[in-house]
Amino acid sequence: MLRLITVLTLVLAIKVVAAFAVPTNDKPSGRTIESAETSSANDNSSISRAEDAGLIMNDSSQAKVVARWQLRSNNLRWIFRGIFSELYHNIALRQFNRMRRIIKHDSIKNGQFCRQYPRNEIAIVTGATGGIGSCIAHQLADKGYDVVIAARDAIRGKQLVDEIRERLAQTPLCKSYANDDATSFPDISFVEYHADDPQSALKLALFVEKLIQPGIDINRRLSVLINNAGIMGRSKQLTMTVNLIGPALLTFALLPLMSGASSEVSNENSNHCSFCGPRATVINVGSSAHLRATKVIDEEIPFGENESYIRALPNVDDKDLSTYAQSKLALMQFSTLLRRSLSESSPPIQIYDAHPGLVWTPLLRNHIGCRATAFLHQTGLAKLIYKTPEEGAQAILATLDFSLKPLISKGKDRQQQQTYFVNGRPDGFATPESRDHVAALELWRHVIAPEVRGVIKLPDAYAL
């Protein structure tokens, strides 16, 4: 039965690919161009007739044709290297991986989930009141992190805090902490955070600074930042602001607190932390949609040298999700900038991109609409094709376990290399554009810098 479903899914996907692969009249055949060139050699007047007839393209028309075929090529890349592999993982491999996790996971005790001892480390999750974000918050609490939930919905945020606290009180410590105080729990808090509001990032940083300042808990440190908040299908300006500028500004606001983390783990804490380590970690939640984008800056959109590219974007809805794809590529290029500039930091701060795969989230359901959502749910395809938010959160948090491994392996410094997690594995396919340092510098100069400069004090490496 599973094989039959897999084959039917692949057939459907092939039909989608075929739709993208069918050539159109946008790209002229060699015969047409050749006949025009022959005509132009014999009689200059035929050039004008050929141009009028559309047989010879000017530079602008050629650029448009190239852009269209590049978009089609990117869509094929996205389908083959993104959608196909994610469908294969969800349909064919998910059950096996699920059983393996249950067998190997340290947080299972006699068939019941258990929690780790509080570790005095702070983890921040943005967009954490629903979907993958709320599950990440739950699972971080299970790992013993003091969780800061940063999201727009204050009512839902406070409800989530109560839910996590109540569940922690009912969850026993793992057997490795049998001699520890079972009444000790990690701290769970909520801060209202709007990714499109620069002041919101500063307020969040101030809140965290108070949590780690001496006198409250001298050993507490900010160890994890997960930039999970994002939108799709909204206006192009808002999409780029929330998906790129929000994470960039928040990361810069928190870097001084993360770099101040202790480079040594105390003996007391190390006994309680099977995952403890001296390094802070930033995880930028990505998407396979970045495979659709070749570049972030559209050359056809005019903007001045010192002007913000985002403000020049048309204020229309991103119906085809092209700006969403560009924003996810931009976020990965921002990660490239951070890795380069923080490679000499001490203690080291690690930067990772992580894509959870195809996940059945409220963000996705809101975009595809009620009709498609009802169809997928009623037919059972939603459970077959998509991960649950809990599984998506596990895929993101697999990055944390990996981040605590030795930085230098086989003579290579992992801190300076791009490591792109897909479906919880560090071998995901990322485009060359996502790690192009020259393109990342252009992104900084024309997209990020005009939005963040003057709002927050930037590190010296970013004084461009």
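See above for the structure.
Keep in mind the model is a prediction, meaning the values are calculated, not measured.

**Overview of the pairing of strand S3 (residues 121–126)**
Moving on, step 1. A large share of S3 lies buried, amounting to 6 of its 6 residues.
Moving on, step 2. By the alternation rule, side chains of S3 split into Glu-121, Ala-123 and Val-125 and Ile-122, Ile-124 and Thr-126, which are all buried.
Moving on, step 3. Here 5 bridges tie S3 to strand S6 (residues 221–227), and the two strands are oriented parallel to one another. Its bridge partner lying in S6, Ala-123 is registered against Val-224.
Moving on, step 4. Pairing analysis gives 5 bridges linking S3 to strand S4 (residues 146–151), with the strands arranged parallel. Bridge assignment links Ala-123 to a residue of S4, and that residue is Val-147.

**Let's talk about the pattern of salt bridges**
Moving on, step 1. Applying the stated criterion across every chain, the model contains 15 salt bridges.
Moving on, step 2. One salt bridge connects Asp-353 with Arg-339, and the closest N-O pair in it is separated by 3.7 Å. Of this pair, Asp-353 sits in strand S8 (residues 349–355) while Arg-339 sits in helix H11 (residues 322–341), placing them 14 residues apart in sequence.
Moving on, step 3. Across the salt bridge formed by Arg-425 and Asp-427, the nearest N and O atoms sit 3.4 Å from each other.
Moving on, step 4. Residue Arg-425 is classed as partly exposed on the basis of its relative accessible area, which comes to 45%.

**Describing the packing of helix H5 (residues 131–142) against helix H14 (residues 389–403)**
Moving on, step 1. As a packed pair, H5 and H14 sit with axes 8 Å apart at the nearest point and diverge in direction by 60 degrees. Here H5 is positioned oblique relative to H14, judged by the angle of their axes. When you trace H5 past H14, the crossing you get is right-handed. Here Gly-131, Ile-132, Cys-135, Ile-136, Gln-139 and Leu-140 of H5 come into contact with H14, specifically with Pro-389, Glu-390, Gly-392, Ala-393, Gln-394, Ile-396, Leu-397 and Leu-400.
Moving on, step 2. Considering only residue class, the contact of H5 with H14 consists of 9 nonpolar, 4 polar and 1 charged.

**Things to note about the sheet that holds S8**
Moving on, step 1. In spatial order, the strands read S5-S4-S3-S6-S7-S8-S11; together these 7 strands make up an open sheet with parallel pairing. Both outer strands of the open sheet, strand S5 (188–192) and strand S11 (420–422), are each paired with one neighbouring strand and no more. Across the sheet, the mean angle from the axis of one strand to that of its neighbour is 20 degrees, orientation sign disregarded.
Moving on, step 2. The sheet contacts of helix H8 (residues 236–259) involve S3, S6, strand S7 (280–285) and S8, and relative to S6 the element is tilted by about 165 degrees.

**Let's talk about unusual backbone geometry**
Moving on, step 1. Located in the positive-phi region is Leu-321, a residue other than glycine, with phi close to 60 degrees.
Moving on, step 2. Tracing the chain through its elements places Leu-321 in the loop between helix H10 (309–312) and H11.
Moving on, step 3. By relative accessible area, which is 15% here, Leu-321 ends up buried.
Moving on, step 4. The backbone of Asn-423 sits at a positive phi, close to 55 degrees, despite the residue not being glycine.

**Thoughts on the pairing of S7**
Moving on, step 1. The element S7 is extensively covered by neighbouring structure, given that 6 of its 6 residues are classed as buried.
Moving on, step 2. What you see with S7 is no split at all: Ala-280, Val-282 and Asn-284 on one side and Thr-281, Ile-283 and Val-285 on the other are buried throughout.
Moving on, step 3. Of the strand pairs in this sheet, S6 and S7 are connected by 4 bridges, and their pairing is parallel. Residue pairing for S7: Ile-226 is matched across the bridge by Ile-283.

**Some words on the packing of aromatic side chains**
Moving on, step 1. The full count for this structure, using the stated rule, is 9 aromatic pairs.
Moving on, step 2. For the pair Phe-402 and Phe-421, a centre-to-centre distance of 5.2 Å together with 75 degrees between the ring planes defines the contact as edge-to-face. In this pair, Phe-402 sits in helix H14 while Phe-421 sits in strand S11, placing the two residues 19 residues apart along the sequence. By the burial criterion, Phe-402 is buried, and Phe-421 matches it.
Moving on, step 3. Three or more aromatic residues joined by ring pairs form one cluster here, namely Phe-252, Phe-334 and Trp-444.
Moving on, step 4. Sitting over the face of the ring of Tyr-145, Arg-119 holds its NZ or CZ atom 4.0 Å from the ring centroid.
Moving on, step 5. Here the basic side chain of Arg-292 rests over the ring of Trp-78, its NZ or CZ set 5.6 Å away from the ring centre.

**As for the environment of Ala-253**
Moving on, step 1. Following the sequence through the fold, Ala-253 ends up in helix H8.
Moving on, step 2. With relative accessibility at 12%, the residue Ala-253 sits in the buried group.
Moving on, step 3. Expressed as a C-alpha distance, the spacing of Ala-253 and Lys-457, which sit 204 residues apart in the sequence, is 8.2 Å.
Moving on, step 4. When neighbours within four sequence positions are excluded, Ala-253 is seen to be in contact with Ala-201, Leu-202, Ala-205 and Ile-456.

**Focus: helix H15 (residues 437–452)**
Three or four residues apart is the spacing at which side chains of an α-helix point the same way, because the helix has 3.6 residues per turn.
Moving on, step 1. When the terminal C-alpha atoms of H15 are compared, their 20 Å separation across 16 residues is substantially less than the 22 Å that a helix rising 1.5 Å per residue should span.
Moving on, step 2. Those residues of H15 that fall on the buried side of the exposure criterion are Ala-440, Leu-443, Trp-444, His-446, Val-447, Ile-448, Ala-449, Glu-451 and Val-452.
Moving on, step 3. The elements touched by buried residues of H15 are H8, H10 and H11.
Moving on, step 4. By the N-cap criterion, in which a side-chain oxygen at the helix start approaches the backbone nitrogen of a residue two or three places on, H15 is capped by Asp-436, the distance to Val-438 being 3.0 Å.

**Digging into the environment of Arg-165**
Moving on, step 1. Looking at the element boundaries, Arg-165 is found in helix H6 (residues 154–170).
Moving on, step 2. Sequence separation between Arg-165 and Pro-186 is 21 residues, and the spatial gap between their C-alpha atoms is 8.7 Å.
Moving on, step 3. Among all residues touching Arg-165, those that are not within four sequence positions of it are Asp-187 and Ile-188.
Moving on, step 4. Among the polar contacts made by the side chain of Arg-165, one reaches the main-chain carbonyl oxygen of Ile-188 at a distance of 2.7 Å.

**What to know about the nonpolar core**
Moving on, step 1. The biggest cluster of nonpolar side chains holds 61 residues, and the ones touching the most others in it are Ile-124, Leu-204, Leu-244 and Ile-448.
Moving on, step 2. The contacts of Leu-204, once residues within four sequence positions are left out, are Ile-124, Val-148, Ala-150, Val-191, Tyr-193 and Leu-250.
Moving on, step 3. Among the nonpolar cores identified, the runner-up in size contains 32 residues, and Ile-226, Ile-283, Tyr-352 and Phe-402 belong to it.

**Remarks on the environment of Thr-361**
Moving on, step 1. Relative to the elements of secondary structure, Thr-361 occurs in the loop between S8 and helix H12 (362–379).
Moving on, step 2. Through-space distance from the C-alpha of Thr-361 to that of Lys-387 is 8.9 Å; in sequence the pair is 26 residues apart.

Basis of the calculations
Counting restarts for each chain, with residues numbered from 1 along the sequence as it is written. Under the rules for a predicted model, residues below a pLDDT of 70 receive no local features and side-chain atom pairs below 80 are neither given nor counted, while totals for whole chains, interfaces and linings still include all residues. Values shown for side chains rest on all heavy atoms present in the structure; no hydrogens or waters enter the calculation. The rule is simple: take the accessible area with a 1.4 Å probe, protein chains only, and divide by the maximum for that residue type; under 20% is buried, over 50% is exposed, in between is partly exposed. Secondary structure elements are defined from DSSP: runs of H or I of at least 4 residues count as helices, runs of E of at least 2 residues count as strands, and each element is numbered from the N terminus. The pairing criterion is simple: DSSP has to find at least two bridges between the two strands. What counts as a salt bridge is simple: a side-chain nitrogen of Lys or Arg found within 4 Å of a carboxyl oxygen of Asp or Glu. Comment: axis = line fitted to C-alpha atoms, over the contacting stretch for helices; angle = value between 0 and 180 degrees taken between N-to-C directions. Roughly parallel means an angle under 35 degrees; roughly antiparallel means over 145; roughly perpendicular covers 65 to 115; every other angle is labelled oblique. Crossing handedness is read from the near helix: turned anticlockwise from the far helix by less than a right angle, it gives a left-handed crossing, and turned clockwise, a right-handed one. Two residues form a contact once any of their heavy atoms are found within 4.5 Å. All amino acids are sorted into three groups, where Ala, Val, Leu, Ile, Met, Phe, Trp, Tyr, Cys and Pro are nonpolar, Asp, Glu, Lys and Arg are charged, and the leftover types, Gly among them, are polar. By convention, a stacked pair of Phe, Tyr or Trp rings (six-membered ring in the case of Trp) has centres within 6.5 Å and planes under 30 degrees apart, an edge-to-face pair has planes over 60 apart, and any other such pair is tilted. The rule is short: NZ of Lys or CZ of Arg within 6 Å of the ring centre and within 35 degrees of the ring normal puts a charge over the ring. By this rule, a helix spans an expected 1.5 Å times one less than how many residues it contains. Pairs of N or O atoms are called polar contacts if they sit within 3.5 Å, as long as, within protein, a hydrogen donor faces a hydrogen acceptor (for residues adjacent in sequence, only side-chain-to-side-chain pairs). Definition of nonpolar core: a set of buried residues of the types Ala, Val, Leu, Ile, Met, Phe, Trp, Tyr and Cys, connected through side-chain atoms within 4.5 Å.

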